[in-house]
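Per-entry structural report
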Amino acid sequence: MPRWLPRAVILVLALVACFQLGSWAFHQLIGLLLNILIAFFLALAVEPAVTRMAARGMRRGLATFLVFLGVFVAVAGFLALLGSMLAGQIVDIVASFPRYLDSVIGSINATFHTELSRLEIQDSLLHSDWLQKYVQNSASGVLDVSATVLGGLFKLLTIGLFSFYFAADGPRLRRALCSVLPPAKQAEVLRAWEIAVAKTGGYLYSRGLMALISGIAHYILFVILDVPYAPALAVWVGLVSQFIPTIGTYLAGALPILIAFTVNPWYALYVLGFVVVYQQFENYVLQPKLTSKTVDIHPAVAFGSVVAGTALLGAVGALIAIPAVATLQAFLGAYVRRYELTRDAAASTAPSRPWSRVRLPRRR
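What comes next is a walk through the structure. Everything numeric here is computed off the predicted structure, so don't read it as measured data.

Further remarks concern the overall build of the chain. When its secondary structure is counted, the chain shows 13 helices and zero strands. For the chain, the N- to C-terminal ordering of α and β elements is α-α-α-α-α-α-α-α-α-α-α-α-α. Counting contacts in the chain only where the partners sit at least 6 residues apart, residues at least 24 apart contribute 64% of the total.

Structure (C-alpha cells):
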C-alpha cells in the first residue's frame, strides 16, 4: 500500500464529513438566512430616508427609529381599519344568515315540493357526528394555531431587529466590509451598495406613491357608490395591488366587489369595470412615468423575475425579485461596453413604418 493512501482516505472522509455538517447547518439556518435577507432589503429601502434625516443633524439611530415607528403606525392603522371592516361584515353575515337560510329553504320547498324546516336542519346538524369530530379536531388544533402565531411574531421581531441594525449601522457595516478588501474592490462594493439602495428605495417609494394614487381614486368611487368601509377598502386596494406581485390586482379587487355586491349587484359590476379601467391606466400611463427613473425594467423581465423568485424563495422571492433584478441590471449596465450600430444593423432594427406611409412603386 502506498504511504500516501491512508492520508488521502482520511482527507476524503474529512471533506465528506465537513460537507454533510455544512449541509445540515445550512438547512437548519435557512429560516434565519431568509429573515436576514428580508431585513437587508428592508434596510436598503428605508436607508435613503434615514440618510436624509441624518444629513440634517439627527443621530442615525434616532432617525432609523422614527422611520420604523412611522412604518409601524401606518401598518397598525391599516390592520385596525381592515379588522373593523371584517368584524362588521362578519357580524352582518351572522345576523342575516337565518334570513338567507329561510329564503333558500323556501325556494327549495317551492321548487321540489318538499317540507323542509330550518329548525329541523339545525337540530340535525347540531347532533351530527361530523360536527362533533370537527369540534374535537378544532380544539386539538388550537395549540398548533397558537404556535404558528407565536412563530410569526418572533419572525417579524427578528426581521425588525436586523433591519434596524442594518439601517442604523449602514456606514459602519460598509466600512467593516471594505476593510477586508483590496482598494480596487472597495470602490466596486460601494458602487454596488449605492445602486442597491437607489433601486430598492426607488421601488418602494414609487410603489407607495402608486398605492396612494390608487387608494384615492378607489376611495372616490366607493364614496360615490356609498359602499361601506370606504377608507379601509381604499387602503386595501392601494396596498395589495401594488405590493403583491402578479396577482395583487385580483386580490385587491375581489374584496370591494364582494362588499359592493351586498349593497347592490350593479355596484359590484361598476367596481369591477373601474378596477379594470384603472389597471390599464396604471399599466400604460402612470407606472411608466413613475418608475422610469427608479426600476426601469421590461415588463417581461419583471414577470419572469417574479416567477423565478417565487420558485426559489416563495413569497419572499416574489417580493424582492424586482428590486434585485433592477439592481443587477443597473450594476451590469455600468460595466457592459456598448457600441454604435452600423448602418445595416440600424436599418434592420428600425421600427417598421405604417402601411399608409409606404410608397408602392408605380406600374409602367
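Here leucine 272 is to be found in helix H10 (residues 265-291). Here leucine 272 falls in the partly exposed class, since its relative accessible area comes to 41%. Counting along the chain gives 16 residues from leucine 272 to proline 256, while the straight-line C-alpha distance between them is 8.9 Å.

So, on to the packing of aromatic side chains. Counted according to the given criterion, the structure contains eight aromatic pairs. A ring pair is formed by phenylalanine 40 and phenylalanine 41, whose centres lie 6.1 Å apart and whose planes are at 85°; its orientation type is edge-to-face. An angle of 50° between the planes, with centres 6.0 Å apart, marks the rings of tyrosine 278 and phenylalanine 281 as tilted. Of this pair, tyrosine 278 and phenylalanine 281 both sit in helix H10, three residues apart, which is roughly one turn of that helix.

Another aspect to go through is the side chain of glutamine 242. Structurally, the position occupied by glutamine 242 is in helix H8 (residues 230-243). For glutamine 242, a relative accessible area of 2% puts it in the buried group. Residue contacts for glutamine 242: discarding those within four places in its chain leaves Arg207, Met210, Ala211, Ser214 and Glu282.

Here we take up the nonpolar core. Most often, soluble globular proteins keep nonpolar side chains buried together rather than apart. Counting 18 residues, the largest nonpolar core has Phe222, Val227, Leu233, Trp236, Leu255 and Val271 as the members making the most contacts within it. Going through the elements one at a time, helix H2 (60-112), helix H7 (183-225), H8, helix H9 (248-263) and H10 are the ones with two or more residues in this core. For this core, the element with the highest residue contribution is H8, accounting for five residues.

Contact geometry for H7 and H8: axes closest at 7 Å, N-to-C directions at 145°. Regarding H7 and H8, the two cross each other, and that crossing is right-handed. Contacts from Leu204, Arg207, Gly208, Met210, Ala211, Ser214, Gly215, His218, Tyr219, Phe222 and Val223 of H7 reach H8 at Ala230, Pro231, Leu233, Ala234, Val237, Gly238, Leu239, Ser241, Gln242 and Phe243.

Per the stated rule, a full pass over the model turns up two cavities of 30 Å³ or more. Counting residues per element, the ones that place at least two in the lining of the largest cavity are H7, H8 and H10. Per-element tally for the lining of the largest cavity: the top contributor is H10, with four residues. Its residues assigned to classes, the lining of the largest cavity shows three nonpolar, six polar and one charged. Size it by volume and the second largest cavity reaches roughly 30 Å³.

For helix H6 (residues 170-178), the full list of buried residues reads Gly170, Arg174 and Cys178. Seen end-on, H6 carries its buried residues on one side only, within an arc spanning 65°. Away from its buried face, by an angle of more than 90 degrees, H6 presents the exposed residues Arg172 and Arg175.

Next up on the list: H7. Taking 1.5 Å per residue as the helical rise, H7 with its 43 residues ought to reach 63 Å, and the 63 Å between its terminal C-alpha atoms agrees with that figure. One or two residues past the end of H7 sits aspartate 226, with phi positive at roughly 60°.

Here the focus is a nonpolar patch on the surface. A surface patch of nonpolar side chains, amounting to about 730 Å² of accessible area, comprises Leu209, Leu212, Ile213, Ile216, Tyr219, Ile220, Val223 and Ile224. Along the chain, isoleucine 216 falls in helix H7. You can call isoleucine 216 partly exposed: its relative accessible area is 46%.

A word on the pattern of salt bridges. Using the criterion set out here, one finds two salt bridges in the structure. Here the salt bridges do not stand alone but share partners, grouping Glu47, Arg60 and Arg174 into one network.

Let's shift gears to the environment of tyrosine 229. Along the polypeptide, tyrosine 229 turns up in the loop between H7 and H8. Looking at tyrosine 229, the relative accessible area reads 31%, which means it is partly exposed. Once the C-alpha coordinates of tyrosine 229 and leucine 82 are considered, the two residues, 147 residues apart in sequence, prove to be 8.8 Å apart.

Reading the values: the criteria
- Residues numbered from 1 in each chain as written.
- Predicted model: local features only at pLDDT ≥ 70, side-chain atom pairs only at ≥ 80, totals over all residues.
- Heavy atoms only, no water.
- Helix = DSSP H or I, 4+ residues; strand = E, 2+ residues; numbered from the N terminus.
- Contact = heavy atoms within 4.5 Å.
- Buried < 20%, exposed > 50% of the residue type's maximum accessible area, 1.4 Å probe, protein only.
- Phe/Tyr/Trp six-rings, centres within 6.5 Å; stacked < 30°, edge-to-face > 60°.
- Core = buried A, V, L, I, M, F, W, Y, C linked by side-chain atoms within 4.5 Å.
- Axes fitted to C-alpha atoms, helices over the stretch in contact; angles between N-to-C directions.
- Left-handed = near helix turned anticlockwise from the far one by under 90°.
- 1 Å grid on protein atoms, 1.4 Å probe; cavity = no way out; pocket = protein on both sides within 12 Å on 5 of 7 lines; lining within 4 Å.
- Points joined across faces, edges and corners; volume = space filled by probe spheres on them.
- Nonpolar A, V, L, I, M, F, W, Y, C, P; charged D, E, K, R; others polar.
- Arc of directions from axis to C-beta.
- Expected span 1.5 Å × (residues − 1).
- Patch = residues over 30% accessible without salt bridge, like charges linked within 9 Å, V, L, I, M, F, W, Y side chains within 5 Å.
- Areas by Shrake-Rupley, 256 points an atom, 1.4 Å probe, with all protein chains shown as cover.
- Salt bridge = Lys/Arg side-chain N within 4 Å of Asp/Glu carboxyl O.

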